[in-house]
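Structure at a glance
The chain contents come next:
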Amino acid sequence: MNKIKAGRVTDTLSDGFQVSWNNLSYIVEKSSFPCISYNKSTPKMRVILKCLTGSFNSSELTAVMGPSGAGKSTLLACVCGKQTR
């Protein structure tokens, strides 16, 4: 059964499960990535993921696609609980 809310189609799950996240962000400190320049204007934090919302439903095939360095692996690590800080 499908329901439309605010222009989106959402499935009502009778069997199975749904993994969802809302407002997911992942930020790393400067010490955890290599310093390219010694410029003092280099930011102390780097935003890897910013305010993401999404979901995966059981019994559905979902693809996470994007260019190299887009944060695909970081997204999956955060969603499955490997990245907790």
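Throughout this description, residue numbers start from 1 for each chain and increase along the sequence as written. In keeping with the predicted nature of the model, local features appear solely for residues at pLDDT of at least 70, side-chain atom pairs appear and are counted solely at 80 or more, and the whole-chain, interface and lining totals rest on all residues. The basis for every side-chain value is the complete set of heavy atoms in the structure, and neither hydrogens nor water enter the calculation.

Some details on the side chain of N57
- Examined against the element boundaries, N57 turns out to sit in strand β4 (residues 45-57).
- Think of it in three bands: with a 1.4 Å probe and only protein chains considered, a residue is buried below 20% of the maximum accessible area for its type, exposed above 50%, and partly exposed in between. Given the relative accessible area of 15%, N57 is considered buried.
- N or O atoms within 3.5 Å of each other form a polar contact, as long as, within protein, one can give a hydrogen and the other can take it, and as long as residues adjacent in sequence are counted only when both atoms are side-chain atoms. Among the polar contacts made by the side chain of N57, one reaches the side chain of Q18 at a distance of 3.0 Å. In this description a helix means any DSSP run of H or I spanning at least four residues, a strand means any run of E spanning at least two, and both kinds are numbered starting from the N terminus.

Here's the deal with the packing of aromatic side chains
- Centre distance within 6.5 Å is the pairing criterion for rings of Phe, Tyr and Trp, where only the six-membered ring of Trp is used; planes under 30 degrees apart are then read as stacked, over 60 as edge-to-face, and the remainder as tilted. Following the criterion strictly, the structure yields one aromatic pair and no others.
- Measuring from centroid to centroid gives 5.1 Å for W21 and F56, while their planes differ by 55 degrees, and the two rings are tilted. Placement of the pair is W21 in strand β3 (residues 18-29) and F56 in strand β4, with a sequence separation of 35 residues.
- W21 gets classed as buried once you look at its relative accessible area, which sits at 14%.

Describing the UniProt feature "domain: ABC transporter" (unreviewed entry) in the protein chain
- UniProt positions are given in the numbering used here, feature names are shortened, and annotations may be inferred rather than shown by experiment. Under the UniProt annotation, the feature "domain: ABC transporter" (unreviewed entry) is placed at residues 50-83.
- Overall, residues 50-83 shows 26% helix and 24% strand. The separation of its end C-alpha atoms is 15 Å.

Observations regarding the nonpolar core
- Grouped together as the largest cluster of nonpolar side chains are eight residues: W21, L24, Y26, V28, L49, F56, L75 and C78.
- Contributions of two or more residues to this core are made by β3, β4 and α1 (72-80).
- The leading source of residues in this core is β3, at four residues.
- Every residue in contact with L75, bar those within four places of it in the chain, is listed here: W21, L24, L49, L52 and V64. Take the buried Ala, Val, Leu, Ile, Met, Phe, Trp, Tyr and Cys residues and link them wherever side-chain atoms come within 4.5 Å; each set so joined is a nonpolar core. Residue contacts are counted whenever heavy atoms from the two residues lie within 4.5 Å of one another.

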